[in-house]
Amino acid sequence: QVQLVESGGGLVQAGGSLRLSCVPSGSTVSFNTMGWYRQAPGKQREFVAQSTRGSTPNYSDSVKGRFTISRDNAKNTVYLQMNSLKPEDTAVYYCRGVTPGYFDYWGQGTQVTVSS
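What you are looking at is a predicted structure, and each value in this text was computed from that prediction instead of being measured.

### So, the nonpolar core
And then number 1: W36, V48, F67, L80, M82 and Y93 are the most contacted members of the largest nonpolar core, which totals 26 residues.
And then number 2: Of all elements in the fold, only β1 (2–7), β3 (18–26), β4 (33–39), β5 (46–52), β7 (67–72), β8 (77–82), β9 (91–98) and β11 (110–115) reach the threshold of two or more residues within this core.

Set out below in structure tokens:
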């Protein structure tokens, strides 16, 4: 059984940076798409960024220019470099992986807190 494990969250001051990582554990599986979502308290989970093999990464408007998604396909790992963090970026960040057969996997989340 595949599990996605996020790491790299924490507490940072506004303007600071964090780098999130997402690594699969368990059975070997190849992901066509890997991405990041976030959920702030009292709000719905929202899209942040995603990377699909052979395509240009795409980002939500709220993070464009500040966040960068990257992948190590050999390791099935995805990263999210977050710069110029704002208090409104505070949320639990979730990793998502979608296989070529459209099976959907999610991580347990990692907390990112940005203080003003």
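Picking up after the structure, the text goes on.
### Some details on the state of the cysteines
And then number 1: Applying the stated criterion across every chain yields a total of 1 disulfide.
And then number 2: Across the disulfide from C22 sits C95; the S-S distance is 2.0 Å. An S-S torsion of about -80 degrees defines the bridge between C22 and C95 as left-handed. Of the two residues, C22 sits in strand β3 while C95 sits in strand β9, which places them 73 residues apart along the sequence.

### A look at the sheet that holds β8
And then number 1: Pairing within the open sheet is antiparallel, and its 4 strands lie in the order β1-β3-β8-β7. Edge positions in the open sheet fall to β1 and β7, since each of these has one partner strand only. For this sheet, the mean inter-axis angle between neighbouring strands, taken without regard to orientation, is 20 degrees.
And then number 2: Bridging between β3 and β8 involves 5 bridges; their strand directions are antiparallel. In the strand pairing of β8, L18 is matched with M82.

Here is what the cut-offs are and how they apply
Each residue is numbered by its place in its chain's sequence as written, counting from 1. At least 70 in pLDDT is required for a residue's local features to be given in this predicted model, at least 80 for side-chain atom pairs to be given and counted, and no such filter applies to totals for whole chains, interfaces and linings, which use all residues. Values reported for side chains reflect all heavy atoms of the structure, with hydrogen atoms and water molecules removed beforehand. The term nonpolar core refers to a set of buried residues drawn from Ala, Val, Leu, Ile, Met, Phe, Trp, Tyr and Cys, joined through side-chain atoms within 4.5 Å. Burial status follows relative accessibility: with a 1.4 Å probe on protein chains alone, a residue under 20% of its type maximum counts as buried, one over 50% as exposed, and anything between as partly exposed. Under the DSSP-based scheme used, a helix requires at least four consecutive residues in state H or I and a strand at least two consecutive residues in state E, with every element numbered from the N terminus. Only a pair of cysteine sulfur atoms within 2.5 Å qualifies as a disulfide here. Pairs of strands are assigned from DSSP output, requiring at least two bridges between the strands. Only C-alpha atoms enter the line fits that serve as axes; for helices the fit covers just the stretch in contact. Angles between N-to-C directions range over 0 to 180 degrees.

Worth remembering: the numbers are spatial, not functional.
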